[in-house]
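Take a look at the letters that make up each chain.
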Amino acid sequence: KQICELAYQGASTAVGLAEKLLTEAIEKHGAEAPVKYPDTAYKLPIVTALSGEDITTLGEIVPVLQRIKANNLRPEPELGNALLSGEATLYAGEIIEALRYVGNDQPDEAPYTGFLPDRILRKCGVPLVDGTIPGVAVITGKAKDAKAGAALVKDLQSKGILVMLVNDIIEQCIAENIKVGLDYLTLPLGKFTQIVHAVNFAARAGLAFGGVPKGERERMLEYQKNRVPAFVIALGELDAVTVAIGAGALFMGFPIVTDQALPPELQIPGLLEPQPDYDKIVKLALELRNIKLKIVDIPVPITVGPAFEGETIRKKEAWVEFGGGRSPGFELVRMADADHVEDGKIEVVGPEIDEMPEGSVFPLGIIVDIYGRKMQEDFEGVLERRIHYFINYGEGLWHVAQRDLCWLRISKGAKEAGFKIRHFGELLIAKFKSDYPAIVDRVQVTLITDAQVIDEKIKIAREKYQARDARLKGLTDESVDTFYSCTLCQSFAPNHVCIVSPERVGLCGAVSWLDAKASNEITPTGPNQPITKGECLDEAKGMWKNLNDFLYTSSNRTLEEVNLYTLMDKPMTSCGCFEAIMAVLPLTNGVMITTREHSGDTPCGMSFSTLAGTCGGGVQTPGFMGIGRRYVVSSKFIPADGGLGRIVWMPKELKEYLKDELAERAVQLGLGADFVDKIADETVGITEEEILPFLEERQHPALKMDPLM
Ligand code: SF4
Ligand code: NI
Ligand code: NI
């Protein structure tokens, strides 16, 4: 009961404050003044999600706030009313925060992030659905002491949980040298009402991935409860406003653990529970949210978890570095016979780290020999690419590129913590065995730091790469009779199905046909199912009967037909985590592509995030489609619409990224090596009118093609 009263009080305070600030803002800027968060397609996401108003000006907020005040603030001490108070607090918080962005795109100073743009949400899409990020923790308040708070965050980091921090815990973490920022999956949102940025992030997951229409409050709440694995850890004293915000979390279905000793009458079993013992807080929170972790014990002296994947180690922070053109380096995964692999064996050929002086450069060869009854040669490349992630997960380890281009650093901190070259082996063995138990039975790792030996072994590796590339070249949509489905994203986008063919990577860019094949071998009942193509219904557009049947069933009967080779007619659906989006530009008779990395406007009149808002959630939207970056250079890139020659605009960033392959493809297609220079980018213009003269002047081939629409 007391909780209800507190929530009511806190909500009233929050709504009152929102009202006051709104009135002031209208006096100062006028009711017509625009209000928006930077880089989002969802206006004020909490409002968009729960009641559906498209707020674009200050004046439009007034009736929303009035309604909330009239409907949601009810003093009678009932749980239902407390939740309504919570909802009111979320609205108030969202409004207060949005006001800070009036006339200022960046009201927060580092390290505070404030509003999290859609780009971050989409980036987290795949790791969230595949369990690399098993959950989202929102920690608010002040820990009993900085050390205890830091330990809590560190524990969550090592478990791969996305952490959002609000209030004093941020300074506590920084004081304890906890690494924060997106690179560490640890986001210091800010203070007080900035906690709503965690909630509007979750709300956008429902809008962007879940395909929940705006304003459908009940469906949104159901989505949050069932699909968003978020929980709150509230540290320190609970005042009325904190309780009201907590009620907001409960309203969204996020359970709360507090370090305060709550008397039983203040607890809500399963939703609001106390745990004063800091060592047990995370465990309880995970239980309440029903998050199960794969526990892997890796015998290395550094923390290992996806939180450290994005960590960069600059040259001056490195104890030693390998490869990257400065010394020979390579990595190779080989399939081997049972009697050639001694499980768990690690051999270091050449000097250990103790013999490497500070700031030195050494060669490094990493050979991973794998035996597995179900291992196939085709999986070597798939597994080899994992090396990059596994090593990067290590705190103080840095890895870029792959094969004989790989480049690694070990930080001074890791060296101090006792990290040895042989620990690369421990790390890889543990991760390969835990992540791929179905295809990996035995693993042995050889690490070569000797300059003579590496020269001889790198030749073996290069032969392997060549053989693999040759095989990959022969893998075309025609050469196989089976494609794979990917429904991994259904945990967020319940009706979305990707169809992955040898020449079309999943739109997240992370799942190729070989990946899907390997993953099916690993988990036969998992998200990647083989589909025999069966009867071809339309060769040009790429429609097969069996694919349609599969799609119908696994899209929960929302989609009947799909074409693989066109953008214009029953194209593949999008979930939300696409790397890039294509859109038709009618005036130019071509298509444009923009990427998650490019935040600017584009000739279709929308930025990436706005565009993304129009084509997610597992529905077909002819003329728009989410794609993986590499699909652009595939020979099955929208062949029914004219292929590569249709592209009239892409950001410079993507041009740069695909440079050589674009030129190569253009030559193959007879478009000429200079075709890339005929594609406009943001330096040419960001409207159709601006780029048209450029295309005409350069005689872009799309201008002469059949009309697209
Ligand atoms: Fe999601 Fe498609 Fe990528 Fe699978 S291939 S993870 S369904 S985007
Ligand atoms: Ni790292
Ligand atoms: Ni997805």
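What counts, and where the lines are drawn
Residues numbered from 1 in each chain as written. Chains lettered and ligands numbered in written order. Predicted model: local features only at pLDDT ≥ 70, side-chain atom pairs only at ≥ 80, totals over all residues. Heavy atoms only, no water. Donors = N, O, S within 2.8 Å, 3.2 Å for Na, K, Ca; no water. Buried < 20%, exposed > 50% of the residue type's maximum accessible area, 1.4 Å probe, protein only. Core = buried A, V, L, I, M, F, W, Y, C linked by side-chain atoms within 4.5 Å. Contact = heavy atoms within 4.5 Å. Salt bridge = Lys/Arg side-chain N within 4 Å of Asp/Glu carboxyl O. Helix = DSSP H or I, 4+ residues; strand = E, 2+ residues; numbered from the N terminus. Pairing = 2+ DSSP bridges. Axes fitted to C-alpha atoms, helices over the stretch in contact; angles between N-to-C directions. Near = heavy atom within 4 Å. Nonpolar A, V, L, I, M, F, W, Y, C, P; charged D, E, K, R; others polar. Parallel < 35°, antiparallel > 145°, perpendicular 65-115°, else oblique. Left-handed = near helix turned anticlockwise from the far one by under 90°. Phe/Tyr/Trp six-rings, centres within 6.5 Å; stacked < 30°, edge-to-face > 60°. Lys NZ or Arg CZ within 6 Å of the ring centre and 35° of its normal. Domains from an automatic or database assignment. Buried area = accessible area lost by both parts, 1.4 Å probe. Polar contact = N/O pair within 3.5 Å; in protein donor to acceptor, adjacent residues only side chain to side chain.

So, about the coordination of the nickel ion (ligand 3). Within the protein, the nickel ion (ligand 3) binds to Cys489 (SG), Cys575 (SG) and Cys577 (SG); these donor distances fall in the range 1.9 to 2.2 Å. The sequence pattern formed by the donor residues of the nickel ion (ligand 3) is C-x85-C-x1-C. Look at Cys575 and you get buried, because its relative accessible area is 1%. What makes Cys577 buried here is its relative accessible area of 2%.

The next subject is the nonpolar core. Membership of the largest hydrophobic core comes to 202 residues, with the highest contact counts inside it found for Val368, Ile410, Phe424, Phe432, Ile593 and Val632. When sequence neighbours within four positions are dropped, the list of residues in contact with Val368 reads Leu332, Val333, Arg334, Ile387, Leu428, Phe432, Val443, Gln444 and Val445. One finds Val153, Ile170, Val257 and Ile291 within the second-largest nonpolar core, a separate group that totals 28 residues.

As a further point, take the pattern of salt bridges. Oppositely charged side chains can form a pair if their charged atoms are brought close together. In total, this model carries 49 salt bridges according to the counting rule given. In this structure, the salt-bridge partner of Glu287 is Lys283, at a minimum N-O distance of 3.1 Å. Of the two residues, Glu287 and Lys283 both sit in helix H12 (residues 278-288), four residues apart, roughly one turn of that helix. The salt bridge partner of Lys517 is Asp378, with a shortest N-O separation of 3.3 Å. Linking Lys517 in helix H17 (residues 513-522) with Asp378 in the loop between strand S11 (364-371) and helix H13 (379-392), this pair joins segments that are 139 residues apart in sequence. Each of Glu377, Glu380, Glu384, Lys464 and Arg468 takes part in one network of salt bridges that share partners.

All right, on to unusual backbone geometry then. Each neighbour pair has its own omega, and for Ala110 with Pro111 the value is 5 degrees, a cis peptide bond. Inspection of the secondary structure puts Pro111 in the loop between helix H4 (79-100) and helix H5 (118-123). You will see that Asp39, though not glycine, has its phi angle at about 60 degrees, which is positive. Within the secondary structure, Asp39 sits in the loop between helix H1 (2-29) and helix H2 (45-50).

Quick look at the sheet that holds strand S6 (residues 272-274) now. The parallel open sheet is built from six strands, whose spatial order is S3-S2-S1-S4-S5-S6. Strands at the two margins of the open sheet, each flanked by one partner only, are strand S3 (186-190) and S6. On average, adjacent strands in this sheet sit at an angle of 20 degrees to one another, irrespective of strand direction. By the bridge criterion, six bridges tie strand S1 (residues 136-141) to strand S4 (residues 230-235) in an arrangement that is parallel. Among the inter-strand pairings, Ile139 is bridged to a residue of S4, identified as Ile233.

Taken together, the four strands give an open sheet; going across it, the order is S10-S7-S13-S12, and neighbouring strands pair in mixed fashion. Sheet topology places strand S10 (360-362) and strand S12 (397-400) at the edges, where each strand pairs with a single neighbour. Adjacent strand axes in the sheet meet at a mean angle of 20 degrees, parallel and antiparallel pairs treated alike. Where strand S7 (residues 318-323) meets S10, three bridges bridge the pair, whose relative direction is parallel. Paired with Val320 across the strands is Ser360, a residue of S10.

So, about the site of ligand 1. Close to ligand 1 lie Cys486, Leu488, Cys489, His496, Cys498, Gly506, Leu507, Cys508, Val511, Cys575 and Cys577. Partitioned by chemical class, the residues of the shell around ligand 1 number nine nonpolar, two polar and no charged.

Let us look at the packing of helix H3 (residues 58-72) against H4. Contact geometry for H3 and H4: axes closest at 10 Å, N-to-C directions at 160 degrees. On the basis of the axis angle, H3 is roughly antiparallel to H4. Crossing handedness for the pair H3 and H4: left-handed. Contact residues: H3 offers Leu58, Ile61, Val64, Leu65, Arg67, Ile68, Asn71 and Asn72, while H4 offers Asn81, Leu84, Ser85, Glu87, Ala88, Tyr91, Ile95 and Leu99.

According to the stated counting rule, one finds 14 aromatic pairs in the structure shown. One aromatic cluster is present, built from ring pairs that chain together Tyr37, Tyr101 and Phe115. Geometry around Trp398 places Arg409 over its ring, the cationic atom sitting 4.8 Å from the centre. Over the aromatic face of Tyr657 sits the side chain of Arg629, whose NZ or CZ is 4.5 Å from the ring centroid.

In terms of domains, the chain is made up of domain 1 (2-288), domain 2 (314-389 + 399-427 + 435-468) and domain 3 (482-704). Each side of the interface is counted separately: domain 1 has 19 residues, and domain 3 has 22 residues. Here domain 1 packs against domain 3, burying approximately 1700 Å² in sum over the two surfaces, 64% of which is carbon and sulfur. The three residues of domain 1 that bury the most area against domain 3 are Arg122, Val129 and Phe209, which together make up 37% of that side's buried surface. Between the two partners, domain 1 and domain 3, sit zero salt bridges.

Glancing now at the environment of Met625. As for its placement among the helices and strands, Met625 is situated in strand S22 (residues 624-627). Note: C-alpha distance between Met625 and Ala583 (42 residues apart in sequence) is 6.8 Å. Excluding residues within four positions of it along the chain, Met625 makes contact with Arg504, Thr566, Leu567, Pro571, Met572, Ser574, Ala580, Ile581, Met582 and Ile638.

On to the packing of helix H7 (residues 146-158) against H12, then. Contact geometry of H7 with H12 gives a least axis separation of 9 Å together with a crossing angle of 35 degrees. Remark: the crossing between H7 and H12 carries right-handed chirality. The residues of H12 that touch H7, namely those facing Ala148, Gly149, Leu152, Asp155 and Leu156, are Tyr278, Ile281 and Val282. Class assignment of the residues belonging to the contact of H7 with H12 gives a composition of six nonpolar, one polar and one charged.

Following the sequence through the fold, Glu521 ends up in helix H17. Between the C-alpha atom of Glu521 and that of Tyr8, which follows or precedes it by 513 residues, the distance is 54 Å. Aside from chain neighbours lying at most four places away, what touches Glu521 is Lys374, Gln376, Phe379, Ala438 and Ile439. Separated by 3.4 Å, the side chains of Glu521 and Gln376 make a polar contact.

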